[in-house]
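Observations on the model geometry
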Number of protein chains: 2
Amino acid sequence: MKIATIRNGDPDGQLVVVSRDGTRFVAATGIARTLQEAMENWSIAEPALRQLAGTLEADVATGEPIRSADLAAPLPRAWQWLDGSTYLSHAVLMSRVFRMDLPPTDRPLMYQGASDHFYGPYDDLIVPTEADGIDFEGEFGVVTDEVPMGTDARQAAEHIRLIVQINDWSLRALAPIEMKTGFGWIQAKPHCSMAPFAVTPDELGEAWRDGRVALPLEVKWNAEPFGVVDGYPMAFSFAELVAHAARTRKLVAGTVIGSGTISNENYREVGSACIAERRGIELADSGEARTPFMSFGDTVEMEARGLAGETLFGRIVQKVAQG
Amino acid sequence: MKIATIRNGDPDGQLVVVSRDGTRFVAATGIARTLQEAMENWSIAEPALRQLAGTLEADVATGEPIRSADLAAPLPRAWQWLDGSTYLSHAVLMSRVFRMDLPPTDRPLMYQGASDHFYGPYDDLIVPTEADGIDFEGEFGVVTDEVPMGTDARQAAEHIRLIVQINDWSLRALAPIEMKTGFGWIQAKPHCSMAPFAVTPDELGEAWRDGRVALPLEVKWNAEPFGVVDGYPMAFSFAELVAHAARTRKLVAGTVIGSGTISNENYREVGSACIAERRGIELADSGEARTPFMSFGDTVEMEARGLAGETLFGRIVQKVAQG
């Protein structure tokens, strides 16, 4: 099942169910006004939403056509956004380049980021200056229902209700300054973006494997190929990330947990999901990072299609603009 | 003006205006259902709430008596909670004890914490195990209306609408492990608590000085005095903290920004607002931290009264319980 949120003037928008091909929608009227509301009552909302999805699939004449401009992030704001950093090839390269200690391997890395707004898939990123080192980060994320404190990874898997595709915007000139304090990032992390469709795990078929998204994410910068990276090789599964986050706190329904920027060991062949990694490779290879960060007016596109090449999360297409 | 939130089964509770002596309240019906709603329309809500407060003050027979059990945190959940660490005496001591670099002095330290729930003033803290090193942190915080990206400190002062008193619970066994990653804290920071009354800055009179709360916060652990610490000596004002947070992001209305655990240079005389600091002093003095962290069943009390000794934020009285 595919879910989206249509802008209606309210910060949470209107929840809709989307056809598998991503072209038509029907409002979830009578089931839940917003995705947040649905997450809070998932056991009741899910079967009703699935029934609606079935009706939409059964007759191509039903529903309304999706217009890109109407699409907000499927969850336009959340009470909690926790982002991991689970791809070792990225961590090892960055540690080497920035001469930092290798991160611990016995527990996930995770920070809490701004969740009061997620950009829609076609929204401009608004930032103050190019000097901050504007970068994208292509990744996957999950949305949970309420997770009790102390939930273990096996149980946590059952709380993963939706999968989303995320662009975690980063300001690289500020990131190391903030990281050095040990307090995590405030200025280095503007609001993130989500691809238009949140999907239930079954929608991925065999590509939802070991609590990971085993699908290639294609990233383009100014319409040029930048990377086609496999989401699978996470050092910790999403279920393990959920359990990590729930160790000393209950997770509120609608919590979003991210994988961190996707990275593959053969990044020289497949490319990267963020500019920082390409610069890290250049620095490691030649002592000089030649690729600049983004300029105002630049665009980034991200899309992960299903195993049969079908539309899954839809696409992120964003431009960088000055605030 | 004093504001509180009464539990009504809804996660955001019901907004009420409270008499200056903290004994009576009247619902803000027709003005705003919740404090979050009021923060989003502060320019309209504030004068209406002040008028209600005037009516309540004019006639002691008006309003209903406040019952402690009904009091939630004034803002029971927020879209964003950013906590500073602005007391240099604390930072210097902790750096020395944990053999870390001194934090930078040219920019505030700040992390993003869990904002999906704030404990009410008399709620038990629920944590999984004493082994995590359960500690309180007494501090002040501010609630802002919407702050545009790039707002400077002078303008930021105008966005500080309410002042709150906070207990920022910490799990000290986990804090250094997470801090070392540079990603900030997830497991080390359970939900915080707020004293019952949020107050407008004018309520503090001369004690709201240079964007700081120049009032003593009294902290008791198991009814024994633990510290009476002055909120004033912040290295950065609340306005500077707001501007720091808004450098690359718009702050949503209802953003809560904290001072970090209060600490005074003469901590040996006045005591501390957290156990970690007392242990740090012991470690510095004798090479051994003798004071243990909290046990299940322990209580902490915190209160900052006004310049004339009057009730201001009300009191936090919490017990630690096993989850």
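Quick note: structure is the one above.
Before going into details, it helps to say that this report is about the structure given with it. A quick note: this is a predicted structure, and the numbers were derived from the prediction, not measured.

1. Some thoughts on the overall build of chain A
Along its length, chain A carries 8 helices and 20 strands. The C-alpha radius of gyration computed for chain A amounts to 19 Å, which stays within 12% of the reference 20 Å derived for 323 residues, consistent with globular compactness. Taking the principal axes of its C-alpha atoms as reference, chain A extends roughly 60 × 45 × 35 Å. Here chain A holds 323 residues, and the buried ones make up 60% of them. Considering only residue pairs separated by 6 or more positions, chain A has 74% of its internal contacts joining residues 24 or more positions apart. Here chain A has roughly 12,100 Å² of accessible surface; of this, 50% comes from carbon and sulfur atoms. Separation of charge centres in chain A, based on 29 positive and 45 negative side chains, amounts to 2 Å.

2. Re helix H8 (residues 275-286) of chain B
Residue and element names in this part refer to chain B. When the terminal C-alpha atoms of H8 are compared, their 16 Å separation across 12 residues agrees well with the 16 Å that a helix rising 1.5 Å per residue should span. The complete set of buried residues in H8 reads Ile275, Ala276, Glu277, Gly280, Ile281 and Glu282. Tucked into the core, H8 has its buried residues touching helix H3 (88-97), strand S8 (134-135), strand S16 (216-221), strand S17 (224-230) and helix H7 (267-270). Phi turns positive one or two residues past the end of H8, at glycine 287, with a value near 80 degrees.

3. Some points on the packing of H3(B) against H8(B)
All names here are of chain B. Between H3 and H8, the least distance of the axes is 10 Å, while the angle of their chain directions is 55 degrees. The orientation of H3 with respect to H8, classified from their angle, is oblique. By crossing handedness, the relation of H3 to H8 is classed as left-handed. Here His90, Leu93, Met94, Arg96 and Val97 of H3 lie close against H8, whose contacting residues are Ala276, Glu277, Gly280, Ile281, Leu283 and Ala284. In terms of residue class, the contact of H3 with H8 is built from 7 nonpolar, 2 polar and 2 charged.

4. Section: the pattern of salt bridges
Throughout the structure, instances matching the rule amount to 36 salt bridges over all chains. Glu203(B) is the salt-bridge partner of Arg20(B), the closest N and O atoms lying 2.8 Å from each other. Taken together, the residues Arg20(B) in the loop between strand S2 (14-18) and strand S3 (24-27) and Glu203(B) in the loop between strand S13 (198-199) and strand S14 (208-209) connect sequence positions 183 residues apart. The exposure class assigned to Arg20(B) is partly exposed, which follows from its relative accessible area of 45%. The network of salt bridges with shared partners includes Asp135(A), Glu137(A), Asp168(A), Arg172(A) and Lys189(A).

5. Quick notes on the nonpolar core
Among soluble globular proteins, nonpolar side chains are generally buried collectively. Core analysis: the biggest nonpolar cluster contains 97 residues, and Leu49(B), Phe136(B) and Val256(B) have the highest contact counts within it. When residues in this core are grouped by element, the largest group, 6 residues, is from helix H6 (residues 238-245) of chain B. Ignoring anything within four residues of it in the chain, the contact list for Val256(B) reads Leu75(B), Ala78(B), Gln80(B), Trp81(B), Leu82(B), Phe118(B), Val142(B), Val143(B), Val164(B), Ile166(B) and Met194(B). Counting residues in hydrophobic clusters, the runner-up holds 96 residues, among them Met1(A), Leu15(A), Ala45(A) and Ala53(A).

6. Section: a nonpolar patch on the surface
Residues and elements named next belong to chain A. Residues Leu88, Val92 and Leu102 make up a contiguous nonpolar surface patch of roughly 270 Å² in combined accessible area. Within the secondary structure, valine 92 sits in helix H3 (residues 88-97). Its relative accessible area of 40% is what places valine 92 among the partly exposed residues.

7. Brief notes about the sheet that holds strand S7 (residues 125-127) of chain A
Residue and element names in this part refer to chain A. The strand order S7-S20-S19-S16-S17 describes an open sheet built from 5 strands, whose pairing is mixed. This sheet does not close on itself; its edge strands, each paired only once, are S7 and strand S17 (224-230). Between one strand and the next, the sheet's axes are offset by a mean angle of 20 degrees, whatever the strand orientation. By the bridge criterion, 6 bridges tie strand S16 (residues 216-221) to S17 in an arrangement that is antiparallel. Bridging across to S17, leucine 217 finds its partner in valine 229.

8. Regarding the interface of chain A and chain B
Taken together, the contact between chain A and chain B spans 46 residues of the former and 46 residues of the latter. Across the chain A/chain B interface, buried area totals approximately 4,200 Å², and carbon plus sulfur atoms make up 60% of it. If you sort the residues of chain A by the area they bury against chain B, Trp79(A), Phe183(A) and Ile186(A) come out on top, with a joint share of 22%. In this structure, the connection of chain A to chain B is made through 4 salt bridges. Here Arg107(B) and Glu178(A) are joined by a salt bridge, their closest N and O atoms 3.5 Å apart. Linking chain A to chain B there are 18 residue pairs in polar contact (both at pLDDT 80 or more). Sorting the residues of the side of chain A that touches chain B by element identifies strand S6 (110-113), S7, helix H5 (175-181) and helix H6 (238-245) of chain A as the ones contributing at least two each. Here the residues of the side of chain A that touches chain B sort into 22 nonpolar, 14 polar and 10 charged.

9. As for the side chain of Arg172(A)
All names here are of chain A. Looking at the secondary structure, you find arginine 172 in the loop between strand S11 (170-171) and H5. Take arginine 172: its relative accessible area is 17%, and that puts it in the buried class. Beyond its immediate chain neighbours, meaning those up to four positions away, arginine 172 contacts Asp132, Gly133, Asp135, Phe136, Glu137, Cys274, Ala276 and Phe293.

10. Some thoughts on unusual backbone geometry
Both trends apply: most residues other than glycine have a negative phi, and most peptide bonds are in trans. Of note in this structure, Ala223(A) is not a glycine but carries a positive phi near 70 degrees. On the secondary structure map, Ala223(A) appears in the loop between S16 and S17.

11. Comments concerning the relation of the copies chain A and chain B
After a rotation of 180 degrees and a shift along the axis of 0.0 Å, chain A superposes on chain B with an RMSD of 0.0 Å. Seen this way, the second copy is the image of the first under a two-fold rotation axis.

12. Observations regarding the pairing of S2(B)
Looking along a regular strand, one sees side chains alternate from face to face of the sheet. All names here are of chain B. The buried fraction of S2 is high, at 4 of 5 residues. Here strand S1 (residues 2-6) runs beside S2; their pairing, made up of 5 bridges, is antiparallel. Each residue of the ladder has a partner; that of alanine 4, found in S2, is valine 16. Judged from the 3 bridges that link them, S2 and S3 form a sheet pairing that is antiparallel. Note on S3: the bridge partner recorded for valine 16 is alanine 27.

Calculation notes
Residues numbered from 1 in each chain as written. Chains lettered and ligands numbered in written order. Predicted model: local features only at pLDDT ≥ 70, side-chain atom pairs only at ≥ 80, totals over all residues. Heavy atoms only, no water. Helix = DSSP H or I, 4+ residues; strand = E, 2+ residues; numbered from the N terminus. Rg over C-alpha atoms; globule rule 2.2 N^0.38 Å. Buried < 20%, exposed > 50% of the residue type's maximum accessible area, 1.4 Å probe, protein only. Contact = heavy atoms within 4.5 Å. Areas by Shrake-Rupley, 256 points an atom, 1.4 Å probe, with all protein chains shown as cover. Lys, Arg positive; Asp, Glu negative; His and termini not counted. Charge placed at Lys NZ, Arg CZ, Asp CG, Glu CD. Expected span 1.5 Å × (residues − 1). Axes fitted to C-alpha atoms, helices over the stretch in contact; angles between N-to-C directions. Parallel < 35°, antiparallel > 145°, perpendicular 65-115°, else oblique. Left-handed = near helix turned anticlockwise from the far one by under 90°. Nonpolar A, V, L, I, M, F, W, Y, C, P; charged D, E, K, R; others polar. Salt bridge = Lys/Arg side-chain N within 4 Å of Asp/Glu carboxyl O. Core = buried A, V, L, I, M, F, W, Y, C linked by side-chain atoms within 4.5 Å. Patch = residues over 30% accessible without salt bridge, like charges linked within 9 Å, V, L, I, M, F, W, Y side chains within 5 Å. Pairing = 2+ DSSP bridges. Buried area = accessible area lost by both parts, 1.4 Å probe. Polar contact = N/O pair within 3.5 Å; in protein donor to acceptor, adjacent residues only side chain to side chain. Least-squares fit on C-alpha atoms with pLDDT ≥ 70 in both.

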